[in-house]
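What follows is the residue order along each chain.
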Amino acid sequence: MEAVKTSDNKLFVPSLPTLWPGMLLSNARPGALPPFSSPSARYFYFARNAVWLTMKMLRLDGGEVLMPSYHHGVEVEAVVDAGATPRFYRVGARWDVDLADVAKRIGPKTKALYLIHYAGFPGPVDAMRKLADEHGIPLIEDCALSLLSSDGATPLGTTGDVGIFCLYKTLPVPNGGALVVNGPRQYSLPEPPAPPLASTFSHTVSALLQNLELRGGAVGRGLRGLVRSVGHGTVKAASIQRVATGTQHFDRRHVDLGMSPLTKRIALAQDLEAIVEARRRNYFFLLGRLRDVSPPLFNQLPPGVCPLFYPMVVQDKEALLARLRDRGIDAIDFWKRFHPACDPSEFPEVAQLRRTILEIPCHQDLSPEVMAEVAEAVRDALKAERRPSQRTG
Ligand SMILES: Cc1ncc(COP(=O)(O)O)c(C=O)c1O
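Every chain begins its residue count from 1, and numbering advances along the sequence as written. Under the rules for a predicted model, residues below a pLDDT of 70 receive no local features and side-chain atom pairs below 80 are neither given nor counted, while totals for whole chains, interfaces and linings still include all residues. Computation of side-chain values covers all heavy atoms of the structure but excludes hydrogens and water.

A. Quick look at the layout of surface pockets. Within this scheme a cavity is a closed region of a 1 Å grid, computed over the protein atoms alone, that accommodates a 1.4 Å probe without allowing it to escape, whereas a pocket is open but has protein on both sides within 12 Å along at least five of seven lines; lining residues each have an atom within 4 Å of a point. Grid points are joined across faces, edges and corners, and a volume is the space filled by probe spheres set on the points. The computed volume of the second largest pocket comes to approximately 290 Å³. Three residue categories are used. Nonpolar comprises Ala, Val, Leu, Ile, Met, Phe, Trp, Tyr, Cys and Pro, charged comprises Asp, Glu, Lys and Arg, and polar comprises the others, including Gly. Here the lining of the second largest pocket is built from residues that sort into 10 nonpolar, four polar and five charged.

Put into structure tokens, the structure is as follows:
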């Protein structure tokens, strides 16, 4: 898999993996990891729908759910919309859950514990399981950022009463979230209806065009621009209903939307082990090339981890983002805001994380050559950040 530079010497490094045309025709492989390996898996348009349904399924509406103070916000919105009340526990400066704080905050109204595995890095799921069992309450394992990741030999999402996954952040699929129920309890869940075809089509075309640009440099970029402008016109003219993925907020109107059959087809055709391997290779590469200029959040990549991105600590997110985007790297500002129900002054380490973490892409489409360019661009951007003349403009 090879990405090339455009004629103006710009890289094209999208934040998500792109869709290679051959993937539309490949045969299904046996899914060896959850949710694909789980007979209880239910699929939805987004992971947020699975969060909402979990609240209803476990009858948590009306009760309190103990959630991490380091959260996206949309999962908290889904919990609130379903009628439950979020309460928050402390997470430290290295994404470490404060188990003593969790234990201290469990009270008579606590109806469930909620654990998020951050960017593929496993949270303390066994200890959380133990706490949940001691109090006779369920554990929800949110793996929206941790598809294909394991804690050693234990796949994430298999220890909680429920595991929740997002497919489209890790795989080149147009939509998709999943809910896996672990343990003996059975729930009869409705099969949600497939999303509008036009929405799937529009996301699929956009992922194919990204692939074209990834491989085709300036020609691919030109073609992508052309198709996009025609596409926008067509979407408008036909008033096509496109349900955006990756948005910041929960929208009740989409809670019943299911996953498209095309997502399943593409997902099952993926070589999941090769994806984990490529992401780990790219992560190690960045770790090696960046650790002297930016102290890493994690010095290690524990066995089994499938990193969603490389979390980089920076002082001036806006400036770094602008510099990287200028070089063609689609870095992302990771989790800027607290949900309004969570008081930032209570969680200063999380407030600091929100001010300082950027996502640097390390996904499976990026070759070692491209990663070398990404590392160089990041080093340059950090150098510029440290030059006083640049800072004062
Ligand atoms: C921790 C967490 N849970 C749930 C979600 C919801 O995922 P989706 O966009 O698939 O609804 C997100 C989205 O980023 C998330 O970060």
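B. Quick peek at the environment of histidine 249. Only DSSP runs of H or I with at least four residues qualify as helices, and only runs of E with at least two residues qualify as strands; both kinds are numbered from the N terminus onward. If you trace the backbone, histidine 249 turns up in the loop between α5 (197-237) and α6 (261-268). On the basis of relative accessibility, which here comes to 53%, the residue histidine 249 falls in the exposed class. For the pair histidine 249 and arginine 48, spaced 201 residues apart in sequence, the C-alpha to C-alpha distance is 9.3 Å. Not counting the four nearest positions on each side in its chain, histidine 249 is found in contact with Arg48, Val74 and Glu77. In this structure the side chain of histidine 249 is engaged in a polar contact, spanning 2.6 Å, whose partner is the side chain of glutamate 77. Burial classification: accessible surface area is computed with a 1.4 Å probe over protein chains only, and a residue below 20% of its type maximum counts as buried, one above 50% as exposed, and the rest as partly exposed. For this analysis, residues touch if any pair of their heavy atoms sits within 4.5 Å. Pairs of N or O atoms are called polar contacts if they sit within 3.5 Å, as long as, within protein, a hydrogen donor faces a hydrogen acceptor (for residues adjacent in sequence, only side-chain-to-side-chain pairs).

C. Main features of the sheet that holds strand β4 (residues 110-116). Spatially, β1-β9-β8-β5-β4-β2-β3 is the arrangement adopted by the seven strands of the open sheet, whose pairing is mixed. Strands at the two margins of the open sheet, each flanked by one partner only, are β1 (42-44) and β3 (85-89). Averaged over neighbouring strand pairs, the angle between their axes works out to 25° when direction is ignored. One bridge is not enough; two strands pair if DSSP finds at least two bridges between them. Where strand β8 (residues 162-166) lies against strand β9 (residues 177-181), five bridges are found, and the strand directions are antiparallel. Counterpart to phenylalanine 165 in the pairing with β9 is alanine 178. Lines fitted to C-alpha atoms define the axes here, with helix axes fitted over just the stretch in contact, and angles between the N-to-C directions of these axes take values from 0 to 180 degrees.

D. Spotlight on the site of the ligand. We call a residue near a molecule or strand as soon as one heavy atom of that residue lies within 4 Å of the molecule or strand. Taken together, 14 residues form the shell around the ligand, and within it Phe46, Ala47, Arg48, Asp142 and Tyr168 come nearest. Between the ligand and alanine 47 there is a distance of 2.8 Å, counted from an oxygen atom to a backbone nitrogen or oxygen. For the ligand, an oxygen atom lies 2.6 Å from a polar atom in the side chain of arginine 48. Isolated, the ligand exposes 390 Å² of accessible area, and the fraction of that covered by the protein chains is 98%. Taken together, the residues of the shell around the ligand sort by class into nine nonpolar, one polar and four charged. Residue exposure ignores everything except the shown protein chains as possible cover, and the areas themselves are Shrake-Rupley values with a 1.4 Å probe.

E. Just the pattern of salt bridges, in detail. By salt bridge we mean one thing: a side-chain nitrogen of Lys or Arg within 4 Å of a carboxyl oxygen of Asp or Glu. One pass over the full model with this rule turns up 21 salt bridges. The salt bridge partner of aspartate 61 is lysine 56, with a shortest N-O separation of 3.5 Å. According to the relative accessible area criterion, aspartate 61 is partly exposed, its value standing at 35%. The partly exposed category is assigned to lysine 56, whose relative accessible area is 31%. We note a salt bridge from arginine 253 to aspartate 251, for which the minimum N-O separation is 2.6 Å.

F. Highlighting the environment of valine 181. With respect to the secondary-structure elements, valine 181 resides in strand β9. Separated by 62 residues in sequence, valine 181 and alanine 119 place their C-alpha atoms 22 Å apart. With residues near it in sequence (within four places) discarded, valine 181 still touches Ser40, Met57, Asp161 and Tyr187.

G. Structural context of the sheet that holds strand β12 (residues 357-360). Read across the sheet, three strands follow the order β10-β12-β11 without closing on themselves; strand pairing throughout is antiparallel. Strands with a single pairing partner mark the edges of an open sheet, and in this sheet they are β10 (310-313) and β11 (332-333). In this sheet, β12 lies alongside β10 in antiparallel orientation, the contact comprising four bridges. By the bridge assignment, methionine 312 is partnered in β12 with leucine 358. Strands β10 and β12 of the sheet are contacted by helix α9 (residues 348-356), whose axis makes an angle of about 45° with β12.

H. Structural view of the packing of helix α7 (residues 272-290) against helix α10 (residues 368-386). Remark: α7 packs on α10, axes separated minimally by 10 Å, with the N-to-C direction vectors making an angle of 35°. Along this stretch, α7 crosses α10, giving a crossing that reads as right-handed. Contacts between α7 and α10 involve Arg281, Asn282, Phe285, Leu286, Arg289 and Leu290 from the former and Pro368, Met371, Ala372, Val374, Ala375, Val378 and Arg379 from the latter. In terms of residue class, the contact of α7 with α10 is built from nine nonpolar, one polar and three charged. The handedness criterion is simple: a crossing whose near helix is rotated anticlockwise from the far helix by less than a right angle is left-handed, and one whose near helix is rotated clockwise is right-handed.

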